[in-house]
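Notes for the structure review
One-letter residues, chain by chain:
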Amino acid sequence: MTDITITKENIDARHGRYVARVAGAEGEGELTFTRRSETVISADHTGVPEALSGRGVAKALYAFLLDDARESGFRIIPVCPFVRKLYERQRRDPASDVERLFTTARS
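Scope of this entry: the structure provided in the associated data block. (Residues numbered from 1 in each chain as written. Predicted model: local features only at pLDDT ≥ 70, side-chain atom pairs only at ≥ 80, totals over all residues. Heavy atoms only, no water.)

**Notes on helix α2 (residues 81-91)**
Among the residues making up α2, those that are buried are V83, L86 and Y87. Seen from one end, α2 has its buried residues packed into an arc of 100°, which puts them on one side. The inward-facing, buried residues of α2 contact β3 (29-35), β4 (40-47), α1 (57-72) and β5 (75-78). (Buried < 20%, exposed > 50% of the residue type's maximum accessible area, 1.4 Å probe, protein only. Helix = DSSP H or I, 4+ residues; strand = E, 2+ residues; numbered from the N terminus. Arc of directions from axis to C-beta. Contact = heavy atoms within 4.5 Å.)

Here it is in structure tokens:
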């Protein structure tokens, strides 16, 4: 099992990123976001370096994003193709709550 640690970093008032680090491995994965309003962010880009590939880092970043949205009460615009793909997959599951976490509205 890969030991992944994820933190949230604010870059400025509108931009931030979730950062994933794996114990004993070089590099970091990230999922960047932009605050569109008080209640909406866009998930802009997910990137994982080759050194962390195949360890579930991108999916862990996505899961952390969803948990943050649940806890903080914001909705997500899935700009990033990876985030959009996982969202589309999960929204078909009747037991999933992701439908309420996402939006296409810009504000």
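**Concerning the packing of α1 against α2**
In the contact formed by α1 and α2, the axes pass within 11 Å of each other and the chain directions differ by 70°. Comparing their axes, α2 and α1 come out roughly perpendicular. Where α1 crosses over α2, the two elements pack in a sense that is right-handed. In contact with A58, K59, Y62, L65 and L66 of α1, α2 contributes F82, V83, L86, Y87 and Q90. Across the contact of α1 with α2, the residue classes tally to 8 nonpolar, 1 polar and 1 charged. (Axes fitted to C-alpha atoms, helices over the stretch in contact; angles between N-to-C directions. Parallel < 35°, antiparallel > 145°, perpendicular 65-115°, else oblique. Left-handed = near helix turned anticlockwise from the far one by under 90°. Nonpolar A, V, L, I, M, F, W, Y, C, P; charged D, E, K, R; others polar.)

**A closer look at the environment of A13**
Its location among the elements puts A13 in the loop between β1 (4-10) and β2 (15-22). The spatial distance from the C-alpha of A13 to the C-alpha of R70 is 21 Å, given a sequence separation of 57 residues.

**Quick look at the nonpolar core**
Nonpolar side chains tend toward joint burial in soluble globular proteins. Y18, Y62, L65, I76, V83 and F102 are the most contacted members of the largest nonpolar core, which totals 24 residues. Counting residues per element, the ones that place at least two in this core are β2, β3, β4, α1 and α2. Of the residues forming this core, the biggest block, 6 residues, is contributed by α1. Sequence-distant contacts of I76, defined by excluding residues within four places in its chain, comprise I41, A43, L65, L66, A69, L101, F102 and T103. (Core = buried A, V, L, I, M, F, W, Y, C linked by side-chain atoms within 4.5 Å.)

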